[in-house]
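# Fold and geometry: a report
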Amino acid sequence: MRALITGGAGFIGTNLALKLAEIGNQEILTTDNLSRRGSEFNLETLQSKDISFKKSELEDVPGLIPYFKPDVVYHFAAQVAVTDSVTSPKRDFDINAKGTIDIVLAAREILAPVIYTSTNKVFGDNVNELPLEEFKTRWDFQGELKGKGINEDFSIDSSHHTPYGISKLVGEMYVREYGGIANRCSCMYGPHQNGIVDQGWLSHIAKKIIAGEKITIYGDGKQIRDVLHSDDAIDLFIKQGKAIISQGKEEFQGQAYNVGGGYENTISLLELCSMWGKEKKELNFENWRPADQKVFYCDISKAQEHFDWKPQVGYKQGIDQLYQWTKENQHI
Ligand SMILES: NC(=O)c1ccc[n+]([C@@H]2O[C@H](COP(=O)([O-])OP(=O)(O)OC[C@H]3O[C@@H](n4cnc5c(N)ncnc54)[C@H](O)[C@@H]3O)[C@@H](O)[C@H]2O)c1
């Protein structure tokens, strides 16, 4: 199998490329413009495993597709920060929406399906209109969604989205329109991640704690997410690729999947800081950020059923592993 991975030196791209290389019997081409800090270190890791890499702006990747002729395109390159999308919405659109349709159309020419990482932000502010319950260290849904989470049928309409939520939704719609799969990811974490204040919060907080720096929390710190370890995310993406290509399961093409760790892997910012020895009084608090969701966790049953998939890495084990990895890779 030939797999093209855009954003291939990013966090998820690197983890996928390493896993595919470990499985063997596949030709992998990773591309990235190396704009994300940390991607240059990931590139060294890819090169140490002899994984092919081409430095490329996303707009040039469609031109590579007819030559490499992938069986599947894993499209991960993106403008990933909500905050940057608010300050530079046009740039965000160009990368996430226009960049995606161009990839999709080029892949369509050679009948290669696109597997895409969308986001829970496609649901926009609809999530914030749900009734919530407040607990000592977390918010949670009230009523029938409690413990169950948001499924794929939850409305994406009639609400305010951030520009990032819009551009990723536009990308998602093109991917699905032309027979690809869109994974609406919650919050992924794991090795090869270089979290920043705007994206990758578990990794960002780990870095702050290890460096002995003050942690700033936007909002009250009780916001919760269902966190998913990269090993589990990659496991799903590989299963999806196999299902479409080797098993010819066309019924999965055009689908959207909510992808996260599920309720059992929910954690709030306060709970994470406490796990790493930082209690509330030691944290710095600022105002909520635009359209931040107090609660997001998803119902992952559709992905579980379609791909016989289940997250295997519990959040406590995964978070310990992330901390160790971050400690051993402080140069990133
Ligand atoms: N990490 C998460 O928790 C999360 C959650 C929801 C969705 N996603 C989505 O998953 C995907 C991967 O996320 P990630 O965490 O690995 O991010 P990442 O920033 O680590 O990886 C993205 C890579 O894309 C590259 N890139 C950015 N703009 C580019 C451009 N114009 N041309 C070429 N390369 C470019 C960057 O250099 C980076 O290496 C993204 O599409 C993101 O929107 C991630």
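Let me sum up the structure you'll find in this document. Counting of residues starts from 1 at the beginning of each chain's written sequence and follows it residue by residue. With the structure being a predicted model, the display of local features is reserved for residues of pLDDT at least 70 and the display and counting of side-chain atom pairs for 80 or more, all residues being used for whole-chain, interface and lining totals. Only heavy atoms go into the side-chain values, all of them from the structure, while hydrogens and water stay out.

### Quick notes on the state of the cysteines
The disulfide criterion is simple: two cysteine sulfur atoms within 2.5 Å. Taken as a whole and judged by the stated rule, the model has zero disulfides. With no disulfide of its own, cysteine 185 lies closest to cysteine 298 among cysteine sulfurs, the gap being 8.7 Å. Think of it in three bands: residues with accessible area under 20% of the maximum for their type are buried, residues over 50% are exposed, and the middle band is partly exposed, with areas taken using a 1.4 Å probe on protein chains only. Overall, the relative accessible area of 1% leaves cysteine 298 in the buried class.

### So, helix α2 (residues 39-48)
For α2, the set of buried residues is Ser39, Asn42, Leu43 and Leu46. All buried residues of α2 lie within an arc of 105° about the axis, which places them on one face of the element. In α2, those exposed residues whose orientation departs by more than 90 degrees from the buried face are Glu44 and Ser48. Packed against the buried residues of α2 are α1 (11-23), β2 (27-32) and β3 (52-55). Only DSSP runs of H or I with at least four residues qualify as helices, and only runs of E with at least two residues qualify as strands; both kinds are numbered from the N terminus onward. Where α2 terminates, the next one or two residues include aspartate 50, which has phi positive at roughly 60°. Throughout, the arc means the angular range of directions from the helix axis out to the C-beta atoms. Every residue pair with non-hydrogen atoms within 4.5 Å of one another is taken to be in contact.

### Side note on the pattern of salt bridges
Charged atoms that come close allow side chains of opposite charge to pair. By definition here, a salt bridge exists when the distance from a side-chain nitrogen of Lys or Arg to a carboxyl oxygen of Asp or Glu is within 4 Å. A complete count under the given rule lists 16 salt bridges for this structure. The shortest N-O distance in the salt bridge between lysine 222 and glutamate 134 comes to 2.9 Å. Residue lysine 222 is located in the loop between β10 (216-218) and β11 (224-229), and its partner glutamate 134 is located in strand β6 (residues 132-134); the two are separated by 88 residues in the primary sequence. The class for lysine 222 is buried, based on a relative accessible area of 10%. Using a relative accessible area of 48% as the deciding quantity, one classes glutamate 134 as partly exposed. Each of the salt bridges in this network shares a partner with another, and the network as a whole consists of Glu172, Arg176 and Arg184.

### A few points about the site of the ligand
For this purpose, a residue is taken to be near a molecule or strand whenever a single non-hydrogen atom of the residue falls within 4 Å of it. For the ligand, the set of nearby residues contains 28 residues, the closest of which are Asp32, Arg36, Tyr164, Lys168 and Met188. One nitrogen or oxygen atom from the main chain of glycine 10 is found 3.2 Å from an oxygen atom belonging to the ligand. For the purposes of these results, a polar contact is taken to be a pair of N or O atoms within 3.5 Å, where, inside protein, one atom must be able to donate a hydrogen and its partner to accept one; residues adjacent in sequence count only when each atom of the pair is a side-chain atom. Here glutamine 199 contributes a side-chain N or O atom positioned 3.2 Å from an oxygen atom of the ligand. Per-residue and other accessible areas were derived by the Shrake-Rupley procedure at a 1.4 Å probe size, with only the shown protein chains allowed to occlude residues. Contact with the protein chains covers 94% of the free accessible surface of the ligand, which is 820 Å². Secondary-structure elements contributing two or more residues to the shell around the ligand are α1, β5 (114-119), α6 (163-177) and β9 (187-189). Per-class residue counts for the shell around the ligand are 14 nonpolar, ten polar and four charged. Polarity classes work like this: nonpolar for Ala, Val, Leu, Ile, Met, Phe, Trp, Tyr, Cys and Pro, charged for Asp, Glu, Lys and Arg, and polar for all others, with Gly in that last group.

Worth remembering: the numbers are spatial, not functional.
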